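Spelled out, the chains give:
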Amino acid sequence: MGEAPTQKSASSLPGVNALTARDVRECLQLGLSDFARAPLIGIALGAIFAAIGLVIVLSLFASDVPWLAYPFAIGFPLVGPFAAAGIYEVSRTLERNETPSLASVFSAMWAQRRRELGWMAFVMLFVFWIWMYQVRLLIALFLGLVSFASLQEFLTVILTTQEGLIFLGVGHVVGAALALILFSITVFSMPLLMDRSLDIVTAMITSVRGVVASPRVMLIWGVIVTLTVLIASVPFFLGLLVVLPVLGHTTWHLYRRVVDPES
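Each value, and the rule that gives it
- Residues numbered from 1 in each chain as written.
- Predicted model: local features only at pLDDT ≥ 70, side-chain atom pairs only at ≥ 80, totals over all residues.
- Heavy atoms only, no water.
- Core = buried A, V, L, I, M, F, W, Y, C linked by side-chain atoms within 4.5 Å.
- Buried < 20%, exposed > 50% of the residue type's maximum accessible area, 1.4 Å probe, protein only.
- Helix = DSSP H or I, 4+ residues; strand = E, 2+ residues; numbered from the N terminus.
- Contact = heavy atoms within 4.5 Å.
- Phe/Tyr/Trp six-rings, centres within 6.5 Å; stacked < 30°, edge-to-face > 60°.
- Polar contact = N/O pair within 3.5 Å; in protein donor to acceptor, adjacent residues only side chain to side chain.
- 1 Å grid on protein atoms, 1.4 Å probe; cavity = no way out; pocket = protein on both sides within 12 Å on 5 of 7 lines; lining within 4 Å.
- Points joined across faces, edges and corners; volume = space filled by probe spheres on them.
- Nonpolar A, V, L, I, M, F, W, Y, C, P; charged D, E, K, R; others polar.
- Salt bridge = Lys/Arg side-chain N within 4 Å of Asp/Glu carboxyl O.
- Expected span 1.5 Å × (residues − 1).

(A) Up close: the nonpolar core. One finds Phe72, Met120, Phe188, Met218 and Leu240 to be the most contacted residues of the largest nonpolar core, which totals 71 residues. Looking at which element gives the most residues to this core, the answer is helix H7 (residues 117-142), with 11 residues. What Phe72 contacts, discounting residues up to four positions off in sequence, is Gly53, Ile56, Val57, Leu60, Phe128, Met132 and Phe237.

This is the structure:
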């Protein structure tokens, strides 16, 4: 008789290390350095992400649902790690003391279509879809089956009525929970999948273990990323041209310190 299949043991997973606030500061400096060494590539990749966000927002206005621009802007940072995939490749190239080019970065990203990174993109977009769906559900629960003629009308209702304030509070709590889950499973799994030939489940488990190893530091880093991306999204997502590459480079260096390179 054949041997019964065994579950993946903890020893077969990549090892993880704890982070300190000093690590975050040092990695942020390294991220700024990487951006300074290849600024045009970073700005180009940030511009693509910003353009996608702008097109979606304009589509919401054209579709007569302008009020959805607010929850979309709040949830937009959820897909930031996937947008930074090209930035991870730039940092990896710089580590080898090679000169990255936009063509080589796009080539490396295109090559990922045959690997597990595509499934990670599906996971992130699925969670983002859940985020937008729960906004519609909470509006129906707290405000009723209503539609808003403008973003200004939507903001007036949620900021000046009791039902709107309850919706705002519950919505942000639910959104924070979704953001924490997505952040935990993607913050290190995205660069890990770019760097190694691993399956998506192993990558996500390793990412969560990395977050659990330094919960306080990683929570602070997650808040910094979210707030920075939100601020950079005003106006017209233009700040993402610089913020996205710097955060992406920094995340790559955090990944290098968290995930044991010899495991």
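After that view of the structure, there is still more to cover.
(B) The arrangement of the side chain of Glu89 in detail. By secondary structure assignment, the location of Glu89 is in helix H5 (residues 85-95). Residue classification places Glu89 among the buried positions, given a relative accessible area of 7%. Excluding anything up to four places from it in sequence, Glu89 contacts Arg96, Val105, Ala108 and Met194.

(C) Quick peek at the packing of aromatic side chains. Overall, the coordinates contain 11 aromatic pairs when judged by the stated rule. An aromatic cluster of three or more residues is present, and its members are Trp119, Phe122, Phe126, Trp129 and Tyr133.

(D) Spotlight on the side chain of Ser207. Summarising the element assignment, Ser207 is placed in helix H11 (residues 200-213). Taking relative accessible area as the criterion, Ser207 reaches 0% and is therefore assigned buried. At a separation of 2.6 Å, a polar atom in the side chain of Ser207 contacts the main-chain carbonyl oxygen of Ser184. Once you skip the residues sitting within four places of it in the chain, Ser207 turns out to touch Phe183, Ser184, Ile185, Thr186, Val187, Phe188 and Ser189.

(E) Structural view of the layout of surface pockets. Estimates place the volume of the largest pocket at around 780 Å³. Lining the largest pocket are 34 residues, and of these Leu78, Ala179, Phe183, Gly222 and Thr226 sit closest to its centre. Of the residues forming the lining of the largest pocket, the biggest block, 11 residues, is contributed by helix H12 (residues 215-232). When the residues that make up the lining of the largest pocket are grouped by side-chain class, the tally is 25 nonpolar, nine polar and no charged. Considered as a void within the structure, the second largest pocket measures approximately 520 Å³ in volume.

(F) Quick peek at empty space enclosed by the protein. On inspection of all chains with the given rule, the structure shows one cavity of 30 Å³ or more. The computed volume of the largest cavity comes to approximately 100 Å³. In this structure, the largest cavity is lined by Tyr70, Pro71, Ile74, Trp131, Gln134, Val135, Leu138, Phe154, Phe167, Leu168, Gly171 and His172. Elements represented by at least two residues in the lining of the largest cavity include exactly helix H3 (69-75), H7 and helix H9 (162-186). For the lining of the largest cavity, a count of residues per class yields nine nonpolar, three polar and no charged.

(G) The arrangement of unusual backbone geometry in detail. With a phi angle near 60°, Asn97 is a residue other than glycine that sits in the positive phi range. Counting through the fold element by element, Asn97 comes out in the loop between H5 and helix H6 (102-111). Assessed through its relative accessible area of 69%, Asn97 is described here as exposed.

(H) View of the pattern of salt bridges. Using the criterion set out here, one finds eight salt bridges in the structure. Here Asp195 makes a salt bridge to Arg256, at a shortest N to O gap of 2.8 Å. Note that Asp195 is positioned in helix H10 (residues 189-195) and Arg256 in helix H13 (residues 240-258), a separation of 61 residues in sequence. Here Asp195 falls in the partly exposed class, since its relative accessible area comes to 21%. Residues participating in the shared-partner salt-bridge network are Glu89, Arg92, Glu95, Asp195 and Arg256.

(I) The arrangement of H11 in detail. In a regular helix each residue adds 1.5 Å, so 14 residues correspond to 20 Å; H11 covers 20 Å between its end C-alpha atoms and thus fits that length. Those residues of H11 that fall on the buried side of the exposure criterion are Ile200, Thr202, Ala203, Met204, Thr206, Ser207, Gly210 and Val211. Here the buried face of H11 lies against H7, H9, H10, H12 and H13. Between the side-chain oxygen at the start of H11 and the backbone nitrogen of Val201 there is a gap of 3.1 Å, and the oxygen is on Asp199.

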